[in-house]
Amino acid sequence: MRNKWIVSLNDYRLASRKKLPKMISDYLEGGALDEITLKANEAQLNRLQLRQRSMIDVANIDTSTTVLGQNIDLPLMVSPMGMLTIFHPGSDPAVARAAVRAGTIFIHSAWAGCSLEEVMKVAPEHLWAQMAFWKDEAETHRYVQRARNAGVKTLVVAGDVGSSSKRERDLHHGLSMPPRPPVLDYFNTATRPEWVWRWLTGRKMTYGNYNIDGRPLRMSEMNSWMAENKNASANWDDFAKLRSEWSGKLVIKGIMDAEDAARAVDEGADGIFVSNHGGRQFDSQPATIDVLPSIVHAVAGRAEIYIDGGIRRGHDVAKAVSLGATAALAGRPFAYALATGGEAAVEKAFTIFRDEFKGAMGFVGKTSVSHLDESVFVDTRSPAKAEIYI
Ligand SMILES: Cc1cc2nc3c(=O)[nH]c(=O)nc-3n(C[C@H](O)[C@H](O)[C@H](O)COP(=O)(O)O)c2cc1C
């Protein structure tokens, strides 16, 4: 599908399938085990019905808000995603530049293909940096120091990567490091010449955020690097230590439980990022939108709350904010756009989200993000009575 015919994020999903080899689009779209949580994220958002209001002046709708003291034009940011280079050589800088133009924030993954410093150059005021606790504490501190030196103001801790996931689509495609795809995948890849051309001529596929001997870590070295450095023991003590050494803002990603959210706030988190990794890590856990209310309750205004997982429409952004999130984030939709048409397509993805969000705000009769609250929902819990929140 040509970029000009694309009118929704789902169109980008379908278009990206035509651009990417099946093993890569499966890697992008897939989730853990039976993908129950992956599907639940979208399904549970879709279950929430919005309440249309009529005859309200919605001529001037302001979609802007603030996150951690910074103004953004839309309560939607980009979730951290590793290895964006595999979808398009524009990689992180392309998405970051589009986020800057959309007036919002890009979160650079700890597993990115591009270095933090490279992306900071194109989005110095619009980048949050994800970090992980590595086994070698010195490596973790080095990264925090790099972030500090680069001028990063907000660190996002990966809080849900201690255990390993099992993504069966990837296993069927032999997507290990280095990849060992079955022969059918070679045939399928040959039907995607544009991707193959970019792979051969574009940005080198590396884990460019880390160095060995002064050069970026090669993909083929990632497995052994991970085996050496992955830290399944990371815990709240590490978070507390980080809090004492990092004077900037601190967000923790991968919180799915009210008790953990309260603990994170007690440990000094400025932001709680409700996320089940888009259903990619641990299957059979709830949809993020379903745990959001309990987390909002537990946090009780002591920190900001962000949420991702299944955000595919501006309407979903409205639903998340109305349930108490400061902002929503999306992962796959921006990667679909990147794979389809690089930076221009990511920029268009933001425009689509913004237009839909603004439309949703108008229909629920709200002209400011701060006015979005539970009153926008039809109470679907008791449809027989068709009760409405008032
Ligand atoms: C290709 C891909 C790579 C990802 N890499 C990371 C990562 O490096 N760090 C991380 O915390 N989450 C990662 N995630 C999860 C996203 O940050 C985000 O939580 C998830 O995509 C949100 O769900 P959505 O895709 O339905 O919007 C990745 C997701 C995808 C699709």
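Summarised in this report is the structure supplied together with it. The shown structure was predicted, so the numbers you read here are calculated from the model rather than taken from an experiment.

Criteria and cut-off values
- Residues numbered from 1 in each chain as written.
- Predicted model: local features only at pLDDT ≥ 70, side-chain atom pairs only at ≥ 80, totals over all residues.
- Heavy atoms only, no water.
- Helix = DSSP H or I, 4+ residues; strand = E, 2+ residues; numbered from the N terminus.
- Rg over C-alpha atoms; globule rule 2.2 N^0.38 Å.
- Buried < 20%, exposed > 50% of the residue type's maximum accessible area, 1.4 Å probe, protein only.
- Contact = heavy atoms within 4.5 Å.
- Areas by Shrake-Rupley, 256 points an atom, 1.4 Å probe, with all protein chains shown as cover.
- Lys, Arg positive; Asp, Glu negative; His and termini not counted.
- Charge placed at Lys NZ, Arg CZ, Asp CG, Glu CD.
- Core = buried A, V, L, I, M, F, W, Y, C linked by side-chain atoms within 4.5 Å.
- Salt bridge = Lys/Arg side-chain N within 4 Å of Asp/Glu carboxyl O.
- Axes fitted to C-alpha atoms, helices over the stretch in contact; angles between N-to-C directions.
- Parallel < 35°, antiparallel > 145°, perpendicular 65-115°, else oblique.
- Nonpolar A, V, L, I, M, F, W, Y, C, P; charged D, E, K, R; others polar.
- Expected span 1.5 Å × (residues − 1).
- Arc of directions from axis to C-beta.
- Polar contact = N/O pair within 3.5 Å; in protein donor to acceptor, adjacent residues only side chain to side chain.

**Concerning the overall build of the chain**
So, step 1. Along the chain, the regular secondary structure elements total 15 helices and twelve strands.
So, step 2. Here the C-alpha radius of gyration of the chain, 20 Å, is about what a compact globule of 390 residues would show, namely 21 Å.
So, step 3. For the chain, the proportion of its 390 residues judged to be buried stands at 56%.
So, step 4. Long-range contacts, defined here as pairs at least 24 residues apart, represent 71% of the contacts in the chain between residues at least 6 apart.
So, step 5. Accessible surface, the chain: about 17,000 Å² in total, of which carbon and sulfur atoms supply 53%.
So, step 6. Within the chain, the 46 negative side-chain charges are centred at a point lying 6 Å from the centre of the 47 positive side-chain charges.

**Looking at the nonpolar core**
In summary, soluble globular proteins display a tendency toward joint burial of nonpolar side chains.
So, step 1. Core analysis: the biggest nonpolar cluster contains 110 residues, and F87, W111 and I272 have the highest contact counts within it.
So, step 2. Looking at this core element by element, the count peaks at 15 residues for helix α15 (residues 332–363).
So, step 3. With 13 residues, the next largest nonpolar core counts V67, L68, I105 and F273 among its residues.

**As for the pattern of salt bridges**
So, step 1. On inspection of all chains with the given rule, the structure shows 25 salt bridges.
So, step 2. A salt bridge links K241 to E137; the shortest N-O distance between them is 3.6 Å. Highlighted residues: K241 in helix α11 (residues 236–245) and E137 in helix α6 (residues 137–150), separated in sequence by 104 residues.
So, step 3. Exposure remark for E137: the relative accessible area of 41% places this residue in the partly exposed category.
So, step 4. Its salt-bridge partner being R243, residue D270 comes within 3.0 Å of it at the nearest N-O pair. Highlighted residues: D270 in the loop between α12 (258–266) and β10 (271–274) and R243 in helix α11, separated in sequence by 27 residues.
So, step 5. Overall, D270 belongs to the partly exposed group, its relative accessible area being 23%.
So, step 6. For R243, a relative accessible area of 19% corresponds to the buried category.

**Points about the packing of helix α3 (residues 36–47) against helix α13 (residues 288–299)**
Each pair of packed helices gets described by two things: the angle between the helix axes and the distance between those axes.
So, step 1. Closest axis-to-axis distance for the α3/α13 pair is 7 Å, and the angle between their directions is 65°. Viewed along their axes, α3 and α13 adopt a mutual orientation that is roughly perpendicular. Contact residues: N41, Q44, L45 and R47 in α3; T288, I289 and D290 in α13.
So, step 2. Of the residues contributing to the contact of α3 with α13, the split by class is two nonpolar, three polar and two charged.

**Considering α6**
So, step 1. Taking 1.5 Å per residue, 14 residues should reach 20 Å; α6 reaches 20 Å between its end C-alpha atoms and fits that length.
So, step 2. Here α6 has its buried residues at E139, T140, Y143, V144 and A147. Burial along α6 is one-sided: seen end-on, the buried residues are contained in an arc of 140°.
So, step 3. Of the residues flanking the start of α6, the one acting as N-cap is D136, its side-chain oxygen 3.0 Å from the backbone nitrogen of A138.
So, step 4. Where α6 terminates, the next one or two residues include G151, which has phi positive at roughly 95°.

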